[in-house]
Amino acid sequence: MSDFHLAQMNSARLRAPLEDPSMIDFAEGISLMNALADRSPGFVWRLVGDSGDGTIAAPSDPSHIYTLSVWESPEHLRAFVYQSEHLEYLRRRRDWFFPHGQQAALVLWWIPAGTIPTLRQGISRLGRLNAGGPTAEAFTFRQLFPAPELTRR
Amino acid sequence: MTTSEDLHDLDALASLTDRVRRQAYRVVADGAGPVGRDEVAEALGVGRTLAAFHLDKLVTAGLLEVSYARRSGRTGPGAGRPAKLYQVAAAEHAVSVPPRSYRAAAELLAEALEQAGAEETLYRVAARHGRGAPASSDVTALLAGQGYAPVADGPDRIELRNCPFHLLAEQFPPVICGMNHALVSGLLSGAGLDETWAARMDAAPGRCCVTLSKK
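The rules we used
- Residues numbered from 1 in each chain as written.
- Chains lettered and ligands numbered in written order.
- Predicted model: local features only at pLDDT ≥ 70, side-chain atom pairs only at ≥ 80, totals over all residues.
- Helix = DSSP H or I, 4+ residues; strand = E, 2+ residues; numbered from the N terminus.
- Rg over C-alpha atoms; globule rule 2.2 N^0.38 Å.
- Buried ≥ 20, exposed ≤ 12 C-beta atoms within 10 Å, placed from the backbone.
- Contact = placed C-beta atoms within 7 Å.
- Nonpolar A, V, L, I, M, F, W, Y, C, P; charged D, E, K, R; others polar.
- Expected span 1.5 Å × (residues − 1).
- Arc of directions from axis to C-beta.
- Pairing = 2+ DSSP bridges.
- Axes fitted to C-alpha atoms, helices over the stretch in contact; angles between N-to-C directions.
- Parallel < 35°, antiparallel > 145°, perpendicular 65-115°, else oblique.

An unreviewed UniProt entry lists chain B under the name Helix-turn-helix transcriptional regulator, with Paractinoplanes globisporus as the source organism.

As annotated in an unreviewed UniProt entry, chain A carries the name DUF3291 domain-containing protein and comes from Paractinoplanes globisporus.

Glancing now at the overall build of chain A. Across its full length, chain A holds 5 helices and 5 strands. In summary, chain A has a C-alpha radius of gyration of 15 Å against a globular reference of 15 Å for 153 residues, a match within 12%. With respect to the principal axes defined by its C-alpha atoms, chain A has extents near 55 × 35 × 30 Å. Out of the 153 residues belonging to chain A, those deemed buried represent 24%. Within chain A, residue pairs in contact and separated by at least 24 positions form 72% of the contacts whose partners lie at least 6 positions apart.

This paragraph deals with the interface of chain B and chain A. Facing the 16 residues of chain B at the interface are 14 residues of chain A. When contributions to the side of chain B that touches chain A are tallied by element, the ones reaching two or more residues are α5 (102–116), α6 (119–130) and α9 (173–191) of chain B. It is α9 of chain B that provides the largest number of residues to the side of chain B that touches chain A, a total of 5 residues. Residue composition of the side of chain B that touches chain A, grouped by class: 9 nonpolar, 5 polar and 2 charged.

Residues and elements named next belong to chain B. The end-to-end C-alpha separation of helix α4 (residues 48–60) is 18 Å, in line with the 18 Å expected for 13 residues at 1.5 Å each. Of the positions making up α4, those classed as buried are Ala 51, His 54, Leu 55 and Leu 58. Each buried residue of α4 sits inside an arc of 100° when the element is viewed along its axis, so together they form one side. The outward face of α4, more than 90 degrees from its buried face, is lined by the exposed residues Thr 49 and Thr 60. If you follow the buried residues of α4, they end up packed against α2 (19–30), α3 (37–44), β2 (64–69) and β3 (83–88).

With that out of the way, let us pick up the sheet that holds strand β7 (residues 210–214) of chain B. Residue and element names in this part refer to chain B. With respect to topology, 4 strands assemble into an open sheet ordered β4-β5-β7-β6, the strand pairing being antiparallel. Edge positions in the sheet fall to β4 (150–152) and β6 (197–201), since each of these pairs with one other strand and no more. Across the sheet, the axes of successive neighbouring strands diverge by a mean angle of 25°, strand direction being ignored. With 3 bridges connecting them, strand β5 (residues 157–160) and β7 associate as antiparallel partners. Bridge assignment links Ile 158 to a residue of β7, and that residue is Leu 212. Contacts from α9 reach β6 and β7, with the element oriented near 180° to β6.

Let's shift gears to the sheet that holds strand β1 (residues 35–36) of chain B. Residue and element names in this part refer to chain B. With antiparallel pairing, 3 strands are arranged side by side in an open sheet as β1-β3-β2. Each edge of the open sheet is held by one strand with a lone partner, namely β1 and β2. In terms of strand pairing, β1 meets β3 through 2 bridges, oriented antiparallel. Directly across from Val 35, in β3, lies its bridge partner Tyr 86. Here α2 sits on the sheet in contact with β1, β2 and β3, set at roughly 90° to β3.

All names here are of chain B. Contact geometry of α2 with α4 gives a least axis separation of 9 Å together with a crossing angle of 75°. Compared by their axis directions, α2 and α4 come out roughly perpendicular. Within the contact between the two elements, α2 uses Val 20, Arg 21, Ala 24 and Tyr 25 and α4 uses Ala 51, His 54, Leu 55, Lys 57 and Leu 58. Residue composition of the contact of α2 with α4, by class: 6 nonpolar, 1 polar and 2 charged.

Below you can see the structure in the form of structure tokens.
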């Protein structure tokens, strides 16, 4: 059991409100993919919004949505994101989301096991990633950083 | 060609110049799972000792990996020693003379395409190229010819054990797997097999993200 867990935050800008007919496949997929995450090996925690679906809209801009979750390791998160039914939703992401351009959509960072990240922390980590590129404090799947060594007394 | 890494790749590939050893590699690569020396000896029509000699040379060269398992499914006393089994190693080897870096170019293109959000264009291009496939009635031969190493999973489903774009697909999964899905769909359509078979995104660890199912 590692002393650290992996936190992830993802952001997306919706092309249309979730109620729009063009968004129906995505809207219906949210609960399916949340259920898949919940039963995936290595899943620890995810942020559940007011609607109970884990997709959190930014207070200032409802078209800007976030997911925030915690996993035992990058391998566990990768298996869920890229080696499951979830990949089909990623393949179709342009149907529902605007491209991010040079801004990162996903940020990863290590947290002490047993703690829970906040949306504010995630947004701050995403800001760091975009400002300074990948570091041990804010990174991506393409450039992973190892978990910190816990200093013991 | 001058770095030690390149020379290591050259060593690995040079071990395939022996005809019998190359055939042994192919038997393992074409196997549906790990393969024992007896199967390789039988396929090649050579003795078990010679087959094992070549297989172990391929392991030393880093082209094959070894695992041990009891093949009969028996366990406990009397089940016999576990058999030494061979499978293709995960490492990739390429040597280019003169030096060419098509993968580096592909990474830049994939990243740019992702930033621009131009995946739909890529999928259309991939599907059109796939449709250039010659007419065929043999879906396995069609996909094997493209390097997918297809294996039937019952009569109605085919898994593809090799991803021709593996490292790129690990770095840019939605872009490259989406492209591959469009390409395979195009191949089926070009070959005239799309009435019988459908390609679908069906990602899982250790194989291509696309599988085929009977319509």
